[in-house]
Amino acid sequence: SAFAKHAAILSELGLKPTGNKGLFDGQWGGSGPVQTAVSPVTNETIAEVSTATIDELKVAIAKAKKAQEEWRLVPAPRRGEIVRQIRERLEKHKHALGSLVSLEVGKIYAEGVGEIQEYIDICDFATGLSRALNGSVIPSERPGHFMMEQYNPLGVVGIISAFNFPAAVAGWNVALALITGNATIWKPAPSTPLISVAISKIIQDVLEENNLPGALHTMVCGGADVGEYLAKSSDINLVSFTGSTEVGRKVGTIVQNRFGKLLLELGGNNAIIVNEDADLELAVRACLFAAVGTAGQRCTTTRRLFLHEKIHDQFVERLVKAYAQVKIGDPLEEGVLCGPLHTKVAVEHYKKTIEAVKAQGGKILVGGNVIPGPGNFVEPTITSIDANAAIVQHEVFVPILHVSKIKNLEEGIKFNNQVAQGLSSSLFTQDISNVFKWTGPAGSDCGIVNVNIPTNGAEIGGAFGGEKETGGGRESGSDSWKQYCRRQTATINFSGALPLAQGIKFE
Ligand code: NAD
């Protein structure tokens, strides 16, 4: 039965139906109100986890700060070795962890495991990087002077994460923050406490086996109050926030006000443009995965589709057909491609969006209905609507794809760029000049600009993030690690004289 399956997953990861502790700062605790993980498939309780009070959070921050004072002196490649061991342990429990993500969030098993794989991949990346946290040597204009730039640890990194990537987003931050010599404090989303406890137990084991303080990977379950305290506390040197633009704006303002460092990964309103010269077969498959995958609950989900007028009708026909074949159901069942929405509230957002589409002159081409039953299931939906309609300008975190016709690529780029968000974007074309128009100065204004692949499914090697109301942060690969560091320019005078820069004489 489903319950036996759930119980087996929990028990492999050391979780119980009740009495799980939601604070780890070297010890397990948390005497605040209980959070409940609810199955989006049945709306039944899976398990309960306690939260931390603000007083407990204060103690946890102090412990993390103290732990970092030791950790910052450990050579970076040795820190990388610890992250490698975390990676090994995650690999060992990959299937249970992936199933737990699936159980708690509602995404299909392949995507749940994919998320743990992403955590593993960033650990690999961070382990290698721990031997390449290079600074640079800069030629000094003064004789007998040595000038260099280097990267020192920041201190304590606060990580506030969203429900939809409850493992991978923490991994992106934890792996890079640890190799760069920081302690981390992670506040997961209130509806996904179980995966956070499971991952924290795995990391606790690795830290303990290496005689390192557990507070290097502190985890604090809680709601907005815990998140807000992290934003306000001047002991948190970097706040890495992933979530909605609305909450990100609040958090960002608080952190900026105390001149703390910020990394914001906020909402997207991502578009695909299919030009007249596109490989349509490829584009149909890409649109289906990008709009329906994770039931439309990825920050990079395709929400807007701009079709060249010459291919519009045949493309819509093929895409509608592909939607009809999507199996909706229990995300842990084989063959299912679309699971439920995460919460009942999201189902209400879905209903309201369908109403708004109709009120604003749009048509429903396929889907549009809530599926009755105990779970939060809805039909993945395609609408036909004016690209300028009010509802199209917002991110609604459900599987609704708005389709509009374009006359040419220029119009597509204009529509792509006209929204407030700037996360991900894709163009389907086979014409090389369109590729460089799209990726160039007058092309897409997003942080992620793809060609012939969908808006979602980023690899960890590249920097991930977006512009405008998406917040401007970059996480994961490339040189994102530098954000977890205190950048320093050092000039060392070994000349025995005191020549001043710019030839200034001061005597
Ligand atoms: P959310 O903004 O509701 O919550 C995010 C986190 O903020 C949670 O941990 C929540 O408890 C916390 N929080 C809530 N109020 C707070 C406050 N006042 N101060 C501090 N913290 C507070 O987002 P969600 O519904 O969990 O996630 C969906 C959103 O996240 C979507 O908008 C999605 O696009 C975005 N997202 C973005 C990325 C990205 O990389 N750009 C990745 C994943 C999700």
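Look a little higher up for the structure.
Being a predicted model, the structure only gives us computed values, none of them experimental.

### A short note on the environment of Phe 315
Now for step 1: Note that Phe 315 resides in helix H11 (residues 312-324).
Now for step 2: Accessibility expressed as a relative area gives 0% for Phe 315, which makes it buried.
Now for step 3: Each C-alpha atom of the pair Phe 315 and Val 220 lies 47 Å from the other, and the pair is 95 residues apart in sequence.
Now for step 4: With residues near it in sequence (within four places) discarded, Phe 315 still touches Val 274, Leu 280, Ala 283, Val 284, Cys 287, Leu 305 and Leu 307.

### Describing the site of the ligand
Now for step 1: Ser 161, Lys 187, Ser 244, Leu 266 and Glu 395 are the nearest of the 27 residues found near the ligand.
Now for step 2: Across the complex, the protein chains shield 88% of the 860 Å² of accessible surface that the ligand would expose by itself.
Now for step 3: Contributions of two or more residues to the shell around the ligand are made by helix H8 (224-232), strand E10 (238-242) and helix H9 (245-257).
Now for step 4: Among the elements that take part in the shell around the ligand, H8 stands out by supplying three residues, more than any other.

### Regarding the pairing of strand E12 (residues 270-274)
Now for step 1: Counting buried residues in E12 gives five out of five residues, a clear majority hidden from the surface.
Now for step 2: The alternating pattern of E12 places Asn 270, Ile 272 and Val 274 and Ala 271 and Ile 273 on opposite faces, both of which are buried.
Now for step 3: Across five bridges, the pairing between E12 and strand E13 (residues 302-308) is parallel. Bridge assignment links Asn 270 to a residue of E13, and that residue is Thr 302.
Now for step 4: Of the strand pairs in this sheet, E12 and strand E18 (residues 424-428) are connected by four bridges, and their pairing is parallel.

### Some details on the pattern of salt bridges
Now for step 1: Scanning the model with the defined rule gives 21 salt bridges in all.
Now for step 2: Close ionic contact of Glu 88 with Arg 87 constitutes a salt bridge, the shortest N to O distance being 3.4 Å.
Now for step 3: For Glu 88, a relative accessible area of 41% translates into the label partly exposed.
Now for step 4: Between Arg 87 and Asp 124 there is a salt bridge, with the nearest N and O atoms lying 2.6 Å from each other. A residue pair is termed long-range when its members are at least 10 positions apart, and Arg 87 in helix H3 (residues 76-92) and Asp 124 in helix H5 (residues 109-129) qualify at 37 residues.

### A few points about the sheet that holds strand E7 (residues 156-160)
Now for step 1: Taken in spatial order, the seven strands make up an open sheet running E2-E1-E9-E8-E7-E10-E11, and their pairing is mixed. Here the strands that pair on one side only, and so sit at the sheet edges, are strand E2 (28-29) and strand E11 (261-265).
Now for step 2: Sheet topology note: the strand E1 (residues 23-24)/strand E9 (residues 217-220) ladder contains two bridges and is antiparallel. Bridging from a neighbouring strand, Phe 24 pairs with Met 219 of E9.
Now for step 3: Across the sheet, H8 is in contact with E7, strand E8 (183-187), E9 and E10; its angle to E8 comes to roughly 150 degrees.

### Considering the side chain of Thr 381
Now for step 1: As for its placement among the helices and strands, Thr 381 is situated in strand E15 (residues 381-384).
Now for step 2: Since its relative accessible area comes to 0%, Thr 381 is described here as buried.
Now for step 3: The contact partners of Thr 381, leaving out residues within four places of it in the chain, are Tyr 323, Tyr 350, Ile 354, Ile 364, Val 366, Gly 367, Gly 368, Pro 399, Ile 400 and Leu 401.

### Overview of the packing of helix H2 (residues 54-71) against H8
Now for step 1: Where H2 contacts H8, the axes come no closer than 11 Å and their chain directions differ by 40 degrees. Taken as axis vectors, H2 and H8 run oblique relative to one another. In the packing of H2 onto H8, the handedness of the crossing is right-handed. Contacts between H2 and H8 involve Ile 54, Leu 57, Lys 58 and Ile 61 from the former and Asp 225, Val 226, Tyr 229 and Leu 230 from the latter.
Now for step 2: Looking at the contact of H2 with H8, its residues break down into six nonpolar, no polar and two charged.

### So, unusual backbone geometry
Now for step 1: Of note, the phi angle at Ala 295 is positive, near 50 degrees, even though the residue is not glycine.
Now for step 2: Topologically, Ala 295 is positioned in the loop between helix H10 (280-292) and E13.
Now for step 3: Ala 295 sits in the buried class, given a relative accessible area of 2%.

### Here we look at the packing of helix H4 (residues 94-105) against H5
Now for step 1: Two elements in contact, H4 and H5, have axes whose closest approach is 7 Å; the angle formed by their N-to-C orientations is 125 degrees. In this view, H4 runs oblique relative to H5, as classed from their interaxial angle. Handedness of the H4/H5 crossing: right-handed. Contact with H4, carried on its side by Lys 94, His 95, Leu 97, Gly 98, Ser 99, Val 101 and Ser 102, involves Tyr 109, Gly 112, Val 113, Glu 115, Ile 116, Gln 117 and Ile 120 of H5 and no other residues of that element.
Now for step 2: For the contact of H4 with H5, a count of residues per class yields six nonpolar, six polar and two charged.

### Digging into a nonpolar patch on the surface
Now for step 1: Together, Val 137, Phe 146, Ile 492 and Phe 494 make up a nonpolar patch on the protein surface, roughly 400 Å² of accessible area in all.
Now for step 2: Along the chain, the position of Ile 492 falls in strand E23 (residues 485-493).

### Observations concerning the packing of aromatic side chains
Each aromatic ring pair is described using two quantities: the centre-to-centre distance and the angle formed by the ring planes.
Now for step 1: Under the definition given, this model contains five aromatic pairs.
Now for step 2: Aromatic pair Phe 24 and Trp 28: ring centres 4.9 Å apart, planes at 40 degrees, arrangement tilted.
Now for step 3: Classification of Phe 24 as buried rests on a relative accessible area of 1%.
Now for step 4: Positioned above the aromatic ring of Phe 165, the side-chain terminus of Lys 107 is 3.8 Å from the ring centre.
Now for step 5: A cation sits over an aromatic face here: Lys 201 above Trp 28, 4.9 Å from the ring centre.

### Observations regarding the nonpolar core
Now for step 1: Core analysis: the largest hydrophobic core is formed by 90 residues, its most contacted members being Leu 97, Leu 100 and Leu 194.
Now for step 2: Sorting elements by how many residues they give to this core places helix H7 (residues 193-209) first, with nine residues.

### Remarks on the environment of Val 169
Now for step 1: Assignment of secondary structure puts Val 169 in helix H6 (residues 168-179).
Now for step 2: Take Val 169: its relative accessible area is 7%, and that puts it in the buried class.
Now for step 3: In sequence terms Val 169 and Tyr 119 are 50 residues apart; their C-alpha atoms lie 8.0 Å from each other.
Now for step 4: Setting aside its immediate chain neighbours within four residues, Val 169 contacts Ser 161 and Thr 242.

### Examining the side chain of Asn 164
Now for step 1: Looking at the secondary structure, you find Asn 164 in the loop between E7 and H6.
Now for step 2: A relative accessible area of 6% means that Asn 164 is categorised as buried.

Quick notes on the rules
- Residues numbered from 1 in each chain as written.
- Predicted model: local features only at pLDDT ≥ 70, side-chain atom pairs only at ≥ 80, totals over all residues.
- Heavy atoms only, no water.
- Helix = DSSP H or I, 4+ residues; strand = E, 2+ residues; numbered from the N terminus.
- Buried < 20%, exposed > 50% of the residue type's maximum accessible area, 1.4 Å probe, protein only.
- Contact = heavy atoms within 4.5 Å.
- Near = heavy atom within 4 Å.
- Areas by Shrake-Rupley, 256 points an atom, 1.4 Å probe, with all protein chains shown as cover.
- Pairing = 2+ DSSP bridges.
- Salt bridge = Lys/Arg side-chain N within 4 Å of Asp/Glu carboxyl O.
- Axes fitted to C-alpha atoms, helices over the stretch in contact; angles between N-to-C directions.
- Parallel < 35°, antiparallel > 145°, perpendicular 65-115°, else oblique.
- Left-handed = near helix turned anticlockwise from the far one by under 90°.
- Nonpolar A, V, L, I, M, F, W, Y, C, P; charged D, E, K, R; others polar.
- Patch = residues over 30% accessible without salt bridge, like charges linked within 9 Å, V, L, I, M, F, W, Y side chains within 5 Å.
- Phe/Tyr/Trp six-rings, centres within 6.5 Å; stacked < 30°, edge-to-face > 60°.
- Lys NZ or Arg CZ within 6 Å of the ring centre and 35° of its normal.
- Core = buried A, V, L, I, M, F, W, Y, C linked by side-chain atoms within 4.5 Å.

These figures come from the coordinates and say nothing about function on their own.
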